[in-house]
Amino acid sequence: MIDIYLFPFVLLLLFIYALFKKIPLYSSFIEGAKQALKMVVKTFPYLFAMFILVELMRASSIIAWISKIASPLFNALGVPPEVTELVLFLPLSGNGSIAILKEIYTNFGTDSYISICASVIMGCSDTVFYISSVYFSSTSVKKLGYTIPLSLFICFIGAVIGCFITRLIYHF
Amino acid sequence: MDIIFTLLFMSSIILLFFTNPSMTLPALVSGGSKAVNLSLELCAIMAVWLGIMQMVEKTGLTEKLARLMRPLIRKIFGKVSDKAEMYITANLSANMLGLGSAATPMGIKAMQELDDGSGKATRAMIMLIVINSTSIGILPTTEMGLMTAAGSNNAGIIIIPTLIATFISAFIGIVLVNTIEKFKLKKSGEKAKEKHKNKTMQNTINDKKCKKTLTNKTESISND
């Protein structure tokens, strides 16, 4: 009940405080919009490259193939084969992962071990390629170094830990 | 990024050629239009949040918050500029509160401030991306919403595992970045030591040559 008032309340306080400090509201929003436009123009090429890759991967179902190969290794570390596809696809696309998540809910029921595992995995990792390309887009950086491999590794570790804890709680 | 992209791209295109070649162009174009749609949505969301942040920045609130979080940020990110600290704090706070749409523009601004112009990703930049990749937050509201929408009555069960998994993986990420950076420093430190040794050796050789020519000259002068 409280949550629908909390956020607007905080915003209201912020605006009143700003007024009190005589900060112009109108020009702040204009300035913000100008910055947003510049940002979006810079990030679009990177988003574009990412999305064409993701669409190609989806159309070719290559993730299903990679899942088959990766499944045994994942399973050995406690990540059930049914969520392997999610773990592999999450770094690529948020919307695609949500679609996979919904499918898991339909196929396994929302209270099953698999579904809870999937939700936890979803909540402890994020779209590495999107974040990486968007965040670097406004910088002069051309060499990303170990950023992406490390982030992917961390997402995977998160999945392993998440599944492990879910298993503990589920068999409680 | 290029290697990963090329690998995945070529594998998908080849696979698609054998399974469903007529979808090749539609897939590419649909990717393009999704990028355009997302950019438009992002433009709107970013404009709202950047506008609010402009205002909040001018009130000095973000600076105060950043000062509170400074010791923690210094430890994790190392020494970064004041503005960078401010934006990093904003990005992490937005993530904590589940405001992903606010976190993105703040993260971008933070990266801009962290840019040292060398074209290489700095430790602080990598750290920021790794922490963002763990989608660190207090409550997994998106996932709980999805579960409830799919009919679950017990979505709260995912809170604890998600929190634990997120924080542990973020912690491991921070430790790994620091380890790798220390290792890199050590390696470049050894290289620098080698260079310095060679330079000092060269200097001593030059000094000896100098002395020799000086003594030769003084000898020839005294001989005159």
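If you're wondering where the values come from, they're calculated on a predicted model, not measured in any experiment.

Draft legend 1. Main features of the nonpolar core. Formed by 104 residues in total, the largest nonpolar core has its most connected members in A:Ile121, A:Phe136, B:Met46, B:Phe77, B:Ile88 and B:Ile131. Residues contacting A:Phe136, with those up to four places away along its chain left out, are A:Val141, A:Leu144, A:Thr147, B:Met111, B:Ala121, B:Met125 and B:Ile129. Counting residues in hydrophobic clusters, the runner-up holds eight residues, among them A:Leu14, B:Val56, B:Ala94 and B:Ala102.

Draft legend 2. Region of interest: the state of the cysteines. Residues and elements named next belong to chain A. In this structure the tally under the stated criterion is zero disulfides over all chains. Lacking any disulfide linkage, Cys-117 is separated from the closest cysteine sulfur, that of Cys-163, by 3.0 Å. When its relative accessible area of 0% is taken as the criterion, Cys-117 is described as buried. The thiol of Cys-124 is unpaired, and the distance to the nearest cysteine sulfur, on Cys-155, comes to 7.3 Å.

Draft legend 3. Seen up close, the side chain of A:Ser137. Residue placement: A:Ser137 occurs in the loop between α7 (128-136) and α8 (147-170). Excluding its chain neighbours within four sequence positions, the residues that come into contact with A:Ser137 are A:Lys42, A:Thr43 and A:Tyr46.

Draft legend 4. View of the interface of chain B and chain A. The interface of chain B with chain A comprises 84 residues on the first partner and 81 residues on the second. Of the roughly 7,300 Å² buried between chain B and chain A on both sides combined, carbon and sulfur atoms contribute 79%. Seen at the junction of chain B and chain A, the total is 13 residue pairs in polar contact (both at pLDDT 80 or more). In terms of residue count, the dominant contributor to the side of chain B that touches chain A is helix α2 (residues 24-59) of chain B (25 residues). Residue composition of the side of chain B that touches chain A, by class: 47 nonpolar, 28 polar and nine charged.

Draft legend 5. Up close: the confidence of the model for chain B. Residues and elements named next belong to chain B. Chain-level statistics for chain B give a pLDDT mean of 86 and a share of 97% at 70 or above. Helix α6 (residues 123-133) holds the highest mean pLDDT among the elements of chain B, 91, whereas helix α8 (residues 159-223) holds the lowest, 81. In the model output, the complex is listed with pTM 0.82 alongside ipTM 0.85.

Calculation criteria
- Residues numbered from 1 in each chain as written.
- Chains lettered and ligands numbered in written order.
- Predicted model: local features only at pLDDT ≥ 70, side-chain atom pairs only at ≥ 80, totals over all residues.
- Heavy atoms only, no water.
- Core = buried A, V, L, I, M, F, W, Y, C linked by side-chain atoms within 4.5 Å.
- Buried < 20%, exposed > 50% of the residue type's maximum accessible area, 1.4 Å probe, protein only.
- Contact = heavy atoms within 4.5 Å.
- Disulfide = S-S within 2.5 Å.
- Helix = DSSP H or I, 4+ residues; strand = E, 2+ residues; numbered from the N terminus.
- Buried area = accessible area lost by both parts, 1.4 Å probe.
- Polar contact = N/O pair within 3.5 Å; in protein donor to acceptor, adjacent residues only side chain to side chain.
- Nonpolar A, V, L, I, M, F, W, Y, C, P; charged D, E, K, R; others polar.
- pLDDT = per-residue confidence, 0-100.

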